Amino acid sequence: MTDARIPEKPALEGLESKWGGVWETRGTYRFDRDSALRRVEAAAGDRACIYSIDTPPPTASGSLHIGHVFSYTHTDVIARFQRMRGKDVFYPMGWDDNGLPTERRVQNYYGVRCDPTLPYQEGFVPPFEGGEGKSVKAADQVPISRRNFIELCERLTVEDEQQFEALWRTLGLSVDWTQTYRTIGDEALFTSQLAFVRNVERGEAYQALAPTLWDVTFRTAVAQAELEDREQPGHYHRVSFHRPDGGIVEIETSRPELIAACVALVAHPDDERYQPLFGSTVTSPVFGVEVPVVAHHLAQKDKGTGIAMICTFGDVTDVVWWRELNLPNRAIMGFDGRILADAPEAIASEAGLAAYARLAGKTSFSAKQAMVELLRESGDLLADPKAITHPVKFFEKGDRPLEIVSTRQWYISNGARDEALKGRLLEIGREIDWHPDFMRVRYENWVGGLSGDWLVSRQRFFGVPIPVWYPLDADGNPVYDQPIVATQEMLPVDPSSTAAPGFDEAQRGEPNGFIGELDVMDTWATSSLTPQLAGGWERDAELFDLVFPYSLRPQGQDIIRTWLFSTALRAQLEHGASPWANASISGFIVDPDRKKMSKSKGNVVTPAGLLEQHGSDAVRYWAASSRLGTDAAFDPQNPTQVKIGRRLAIKVLNAAKFILGFEGAADAPVSEPLDRSMLAALATVVDQATRALESYDHARALEVSETFFWTFCDDYLELVKERAYGEASPAQASAVAALKTALSVLLRLFAPVVPFAAEEAWSWSNDESVHRATWPTLGELAARGEAGPELLELAGLALTGIRGAKTNAKASQKTPVLGATIAGPAETIRLLESAAVDLRAVGRIAELSFDEAETLEVRDVELEPAQ
């Protein structure tokens, strides 16, 4: 009798909503802290029973794309596997609310702009709500305090987070939704500020006035990790500097607009052409400023004329030269990307000042054009500009080239200037097990190539406030070298709206009073603390001790230099330890032309429609088919792997329905050689799949499981179904027991990849979830599979031969066979004779004989004549 729980026609449609609700109600994926505590205590503190995941918090602005589905599925497969291995899995989800796009969206949506000097307004109501507000001019936007602005940002991001959570639930992520956090909530503010305060106390965080990479659009400093080089068109300009003896020195520059900021000419110390000039001076064209000629090993003898001008500051090499050669600062570029109104003091002549006035207030582009005209007029432009293409540094989210300006910023030591710290960070890289291992090199290259400490302050609003104030002297000037740092008891705090310790609000901005720090932390300064945020560091000591260090950090390869490195750094500074045991690195999704999918390229695919059309299991199958660290091509017009995944999920349901329809018990003796051979082959699959998942090779685990499954369906099921349908007997019971045992194992093998189909099929014969079932082991199959796997393979080949003979005769597979012979080596024949009953039944063969031959073949097939 068929179980009433088995549907008449199994289908994938609707399984996501059905089982998503059940899992949530049952708490299927909840982290059981009490259980974890008991097990750790029983193991004398050993945390081997816990598997904790430092889950990437997606940016809660805009929409998720197919790359998120790809990489998060990889993590979920491992989480499900470890849960079935009996681990208490800590699998939280965070939302990265910090972000420049959110600021812009809030400004337009609510018609406001942030002014961190303003006090907080209780119960503030924005002038606009419910519309994009694009008709509101920037000048008409209402200024509000940073705290008010952040509250509006939080309100708007909640909608995105709800949409993201709904998509993750549809995808079937086995996240514990009671363990979530936001990177701008009170807990995140507390954690980020406390870590910063302790960095200051230990001397790891400091403030300095220094050249800073600056995005003129966003008006904020940019860290080294946020840079990217983009090929840009430009021109080389050959320009003359004047020697005291009347001669000239020719240089080539792509930035003539910075000649007013020139502080020296530099050539390589081994360059014989310029060795006589070292120690002398030359005069800059147009402005007539005397500058030294110096030597430095970074100068390139084969670039341009071999001698270059050092400006403050044209690029990062200028900064290195300026610092190492102890040169003056004559910066002329403002925070808005325009030439400053006041000329450097070194320009003293009337002609020089008049020339500078023609540049003042212009953008870099316009100033370059004006400077070229000035050089033509003075005769110092020695040739027409030569078109070039060269790499220019951009903020990864910016649209205009970066400038370098002098600003006061906060930094955290990262090993660039501390060899001991750098060595420890490299050691951490070796302590982590990387999957795949070659990704470790990217981390090591980044650590080895650091050129400066981590700039963590940003001139933005929607971020974690730096918890610092500065005293004002009697003239009202900030005393920056005496910062007032918040205490732990004050956190979280916003210095722009809370008075400094020992002061009251009336003293803000007054002589002998204080001012609050207006800068916020770099978003990575918060994201680098995801292990602490999710684990309740300094808020929930019991939880943190259970989950830290984490078992796994999963992430993309493009943020090794930012997220992975910065998290390792913060863990070393705060805990003196690596934050995780393993790092799994997913590859990119590329389009059919092998180009990385990104919003900027306009080739991103959003996953909602794909999930709706093909089903979540099908999409998960596509993701799980790709190994870690390997890029995967995706064609939305022809998602072949997705379609294959859907076919697999449907086959799982149909095979389960078919097998569960047989009368018999799964624990009956398995006596027949063919049945035992099948289970022996399945035992090998379990061993291979388990080893693969233990090595974070989900693609290999899926491959071996799927390959066996199709053999099981196409060959074994066909071979034994007549026996399984037959009258009750030991042979019939053996077939049914083998089928149901194999089904149980296969559903558990597939559960991490196709969780909805696996759960649906499992529920037809079990009361508990397959995702809380025990991962299959060799022990449950070994006693039943002693015959070895060879017989199953040979029987499958023989079945293929019988089918082929009928096909060649253009006959139906149901056509009876009067007689047939299976020939092969003696040992092959011996094995196949034990499966003769099943071969005769499936082939409808009246007389089946066996003969010895060099190779396995089916011959002498005599079909019953058609009626």
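Residues numbered from 1 in each chain as written. Predicted model: local features only at pLDDT ≥ 70, side-chain atom pairs only at ≥ 80, totals over all residues. Heavy atoms only, no water.

Under the defined criterion, the tally for this structure stands at 52 salt bridges. Here glutamate 252 and arginine 238 are joined by a salt bridge, their closest N and O atoms 2.9 Å apart. Of this pair, glutamate 252 sits in strand β10 (residues 248–253) while arginine 238 sits in strand β9 (residues 227–242), and the two are 14 residues apart along the sequence. Using a relative accessible area of 27% as the deciding quantity, one classes arginine 238 as partly exposed. Its salt-bridge partner being glutamate 718, residue arginine 803 comes within 4.0 Å of it at the nearest N-O pair. Taken together, the residues arginine 803 in helix α24 (residues 790–808) and glutamate 718 in helix α20 (residues 698–725) connect sequence positions 85 residues apart. Given a relative accessible area of 26%, arginine 803 falls into the partly exposed group. (Salt bridge = Lys/Arg side-chain N within 4 Å of Asp/Glu carboxyl O. Helix = DSSP H or I, 4+ residues; strand = E, 2+ residues; numbered from the N terminus. Buried < 20%, exposed > 50% of the residue type's maximum accessible area, 1.4 Å probe, protein only.)

All right, on to the packing of helix α3 (residues 66–84) against helix α5 (residues 146–171) then. Between α3 and α5, the least distance of the axes is 11 Å, while the angle of their chain directions is 55 degrees. Our classification of the angle between α3 and α5 gives oblique. At the point where α3 passes α5, the crossing takes the right-handed sense. Packed against α3, whose contacting residues are His68, Val69, Tyr72 and Thr73, the element α5 presents Leu167, Trp168 and Leu171 at the interface. Among the residues forming the contact of α3 with α5, the class breakdown is 5 nonpolar, 2 polar and no charged. (Axes fitted to C-alpha atoms, helices over the stretch in contact; angles between N-to-C directions. Parallel < 35°, antiparallel > 145°, perpendicular 65-115°, else oblique. Left-handed = near helix turned anticlockwise from the far one by under 90°. Contact = heavy atoms within 4.5 Å. Nonpolar A, V, L, I, M, F, W, Y, C, P; charged D, E, K, R; others polar.)

Let us look at the nonpolar core. The biggest cluster of nonpolar side chains holds 124 residues, and the ones touching the most others in it are Trp168, Leu682 and Phe712. Contact partners of phenylalanine 712, with chain neighbours within four places excluded, come to Ile659, Met678, Leu717, Leu739, Ala742 and Leu746. Among the nonpolar cores identified, the runner-up in size contains 83 residues, and Ile150, Phe196, Trp446 and Leu543 belong to it. (Core = buried A, V, L, I, M, F, W, Y, C linked by side-chain atoms within 4.5 Å.)

Before going further, it helps to examine the packing of aromatic side chains. Tallying each qualifying case throughout the model produces 29 aromatic pairs. Note on phenylalanine 658 and phenylalanine 662: the rings are 5.2 Å apart at their centroids and 75 degrees apart in plane angle, and the pair reads as edge-to-face. On the accessibility criterion, phenylalanine 662 (4% relative accessible area) is buried. Ring geometry for phenylalanine 712 versus tyrosine 716: centroids 5.7 Å apart, planes at 20 degrees, classification stacked. Pair noted here: phenylalanine 712 and tyrosine 716 are both in helix α20, with a separation of 4 residues, about one helical turn. On the basis of relative accessible area, phenylalanine 712 is assigned to the buried category, the value being 1%. A relative accessible area of 0% places tyrosine 716 in the buried class. (Phe/Tyr/Trp six-rings, centres within 6.5 Å; stacked < 30°, edge-to-face > 60°.)

With that settled, the discussion passes to the sheet that holds strand β21 (residues 484–485). With antiparallel pairing, the 3 strands of this open sheet are ordered in space as β21-β20-β22. Only two strands of the sheet have a single partner each, and these edge strands are β21 and β22 (514–516). Examined bridge by bridge, strand β20 (residues 468–471) and β21 share 2 bridges and lie antiparallel to one another. Bridge pairing in β21 places valine 468 opposite valine 485. (Pairing = 2+ DSSP bridges.)

Where helix α18 (residues 640–660) contacts α20, the two axes come as close as 12 Å, and the packing angle between them is 25 degrees. Taken as axis vectors, α18 and α20 run roughly parallel relative to one another. Handedness of the crossing formed by α18 with α20: left-handed. Where α18 abuts α20, its residues Ile644, Arg647, Leu648, Lys651, Val652, Ala655, Phe658 and Ile659 lie against Glu706, Phe709, Trp710, Phe712, Cys713, Leu717, Lys721 and Tyr725. Class assignment for the residues of the contact of α18 with α20 results in 12 nonpolar, no polar and 4 charged.

Here we take up the pairing of strand β14 (residues 307–311). The element β14 is largely enclosed, with a buried count of 4 among its 5 residues. Note that strand β11 (residues 262–267) and β14 share 5 bridges and pair antiparallel. Looking across to β14, one finds that valine 266 is bridged to alanine 308.

Spatial strand order, β8-β7-β16-β18: 4 strands in an open sheet with antiparallel pairing. On the outer flanks of this sheet lie β8 (220–221) and β18 (454–455), each paired with one strand and no other.

A separate point is the environment of threonine 821. Mapped onto the fold, threonine 821 is located in strand β28 (residues 817–824). What makes threonine 821 buried here is its relative accessible area of 10%. Along the backbone, threonine 821 and valine 858 are 37 residues apart, and their C-alpha atoms lie at a distance of 5.8 Å. For threonine 821, the residues in contact, after removing those within four places along its chain, are Ser849, Phe850, Asp851, Glu857, Val858, Arg859 and Asp860.

Of the positions making up helix α7 (residues 316–324), those classed as buried are Asp318, Val319, Trp321 and Trp322. The buried residues of α7 occupy one face: seen down the axis, they fall within an arc of 165 degrees. On its buried face, α7 is in contact with β7 (205–215), β11, β14 and β16 (403–412). Looking at where α7 begins, the residue whose side-chain oxygen comes 3.1 Å from the main-chain nitrogen of threonine 317 is aspartate 315. Among the residues trailing α7, asparagine 326 stands out with phi positive, at a value near 55 degrees. (Arc of directions from axis to C-beta. Polar contact = N/O pair within 3.5 Å; in protein donor to acceptor, adjacent residues only side chain to side chain.)

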